[in-house]
Amino acid sequence: MSEAIKKRIAVFGSTGSIGTQALEVIEAHPDLFEVEILTAQTNDKLLIEQALKFNPNAVVIADESRYEKVKLALESTDVKVFGGENALDEVADFDTYDMMLAAIVGFAGLKPTLRAIENGKAIALANKETLVVAGDLVMQLAVEKRVPIIPVDSEHSAIFQCLVGETRNRIEKIILTASGGPFLGKKPNFLVNVKRDHALQHPNWKMGAKITIDSATLMNKGLEMIEAKWLFNLTPEQIEVVIHPQSIIHSMVQFEDGSIKAQMGLPDMKLPIQYALAFPQRVANNNPRPNFKKIPILSFEPPDVKTFRNLSLAEMALEKGGNFPCILNAANEIAVWAFLNNRIGFLDITAVIEKTLQKINYIEKPNLTDYFESDGEARNFAASLIRM
Ligand SMILES: NC(=O)C1=CN([C@@H]2O[C@H](COP(=O)(O)OP(=O)(O)OC[C@H]3O[C@@H](n4cnc5c(N)ncnc54)[C@H](OP(=O)(O)O)[C@@H]3O)[C@@H](O)[C@H]2O)C=CC1
Ligand SMILES: CC(=O)[C@@H](O)[C@H](O)COP(=O)(O)O
Ligand SMILES: [Mn+2]
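Residues numbered from 1 in each chain as written. Chains lettered and ligands numbered in written order. Predicted model: local features only at pLDDT ≥ 70, side-chain atom pairs only at ≥ 80, totals over all residues. Heavy atoms only, no water.

Teacher, can you tell me more about helix H15 (residues 346–359) here?
Within H15, the full set of buried residues consists of Phe346, Ile349, Thr350, Val352, Ile353, Thr356 and Leu357. Taken around the axis of H15, the buried residues stretch over an arc of 160 degrees, which confines them to a single face. Turned more than 90 degrees from where H15 packs its buried face, Gln358 and Lys359 sit exposed. (Buried < 20%, exposed > 50% of the residue type's maximum accessible area, 1.4 Å probe, protein only. Helix = DSSP H or I, 4+ residues; strand = E, 2+ residues; numbered from the N terminus. Arc of directions from axis to C-beta.)

Spelled out as structure tokens, the structure:
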């Protein structure tokens, strides 16, 4: 009997929070998946361990200074080792994989993802910044190349799951749930003094540092509004955010008849990762299940946009469109990096973004070069506001 065909996965960002959980999912389902490509930026040690365990065709260490170390460690294997940022694009062009899990953090994920789409590869998309920056170009290319973009982000996976079987039915609105982060209910007089270690304590999810700070400032939900616009072809009026501190309902879809579908589960990214990798199949697993007898309350409240102004800035960028979301994203990446390195305070993150949005020229219909230039200009300006 011939062996069933396995989906060959290219895990871009394999050393991160999503990447490592994806490898757990793949390891748990050796009958369905195999690892074709692994990529890391700096974590050479983990990349080597992963390569020895999963025996991929190729690995990339994007930080070129670590290339020799990885090459040497994998010398006795037949794993091809590549170094440098351009190598990400090079391996995205390989024809030996079926699906890219796009799990690099930030703007750096955009180019390899576009290359994969160009090459007709299915995308399991965790990297929300790709759609925030250039959602119009990414979705247009995906349509042209008939490439499915399956969301991994928990809220978008929830909406995607709610929409299965609803292709003929119009969405009235989607309701994106937000945990509120570690500072839910806090006011500026408290936030002015918070430090990175406190902001990194997400109440429900264990994630990479950048997205954890975005959750604390509510920028994460703003980025997710823009991500949802492109994934589901929605107007800003169709996208609502509600605080749901328990993170059990991962998001909801309201249809024209007033019926609302929600997708629920424990806050564990292995489910949306598995769903995206295996789509359209649901695959059995042993992950813990919620016990509703032990969850006394599922509560909801409006977001405090006066305190968490990043959400308003992102809403403004969503409405204005053009290169505004790209500028917002670049300034946010710089400001979050500065906060994580104790260079600026928590509330300064918003100030840096706001000033950068005021400074960089608006372009109504940017092309890819415009997006790269806007990103660079916004980063330079945001960095100039910070004592680097
Ligand atoms: N973590 C989560 O639960 C969720 C994450 N997401 C999204 O998924 C993406 C990944 O998040 P997360 O896993 O938390 O992030 P992490 O910071 O944990 O991991 C990021 C990964 O990207 C690599 N990387 C970082 N910078 C670069 C670069 N310039 N070039 C190439 N590779 C790079 C890192 O390599 P190295 O570690 O080797 O330096 C690492 O493998 C983000 O866009 C995030 O918003 C969405 C929903 C949930
Ligand atoms: C797991 C995931 O998808 C994150 O984006 C998560 O939703 C962050 O939580 P917040 O709701 O606090 O932004
Ligand atoms: Mn999310």
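Hey, could you run me through the site of ligand 2 in this one?
Neighbouring residues of ligand 2: 15 residues in total, closest Ser154, Glu155, Ser179, His202 and Asn220. At 2.6 Å from an oxygen atom of ligand 2 is found a side-chain nitrogen or oxygen belonging to serine 154. The side chain of histidine 202 places a nitrogen or oxygen atom 2.8 Å from an oxygen atom of ligand 2. Bound to the protein, ligand 2 loses 97% of the 350 Å² it would expose on its own. Those elements giving two or more residues to the shell around ligand 2 turn out to be helix H7 (154–163), helix H10 (209–217) and helix H11 (219–232). Per element, the largest residue contribution to the shell around ligand 2 is 3 residues, and it comes from H11. Residues that form the shell around ligand 2 fall into these classes: 5 nonpolar, 5 polar and 5 charged. (Near = heavy atom within 4 Å. Polar contact = N/O pair within 3.5 Å; in protein donor to acceptor, adjacent residues only side chain to side chain. Areas by Shrake-Rupley, 256 points an atom, 1.4 Å probe, with all protein chains shown as cover. Nonpolar A, V, L, I, M, F, W, Y, C, P; charged D, E, K, R; others polar.)

It is worth stressing that arrangement in space is one thing and function is another; only the former is reported here.
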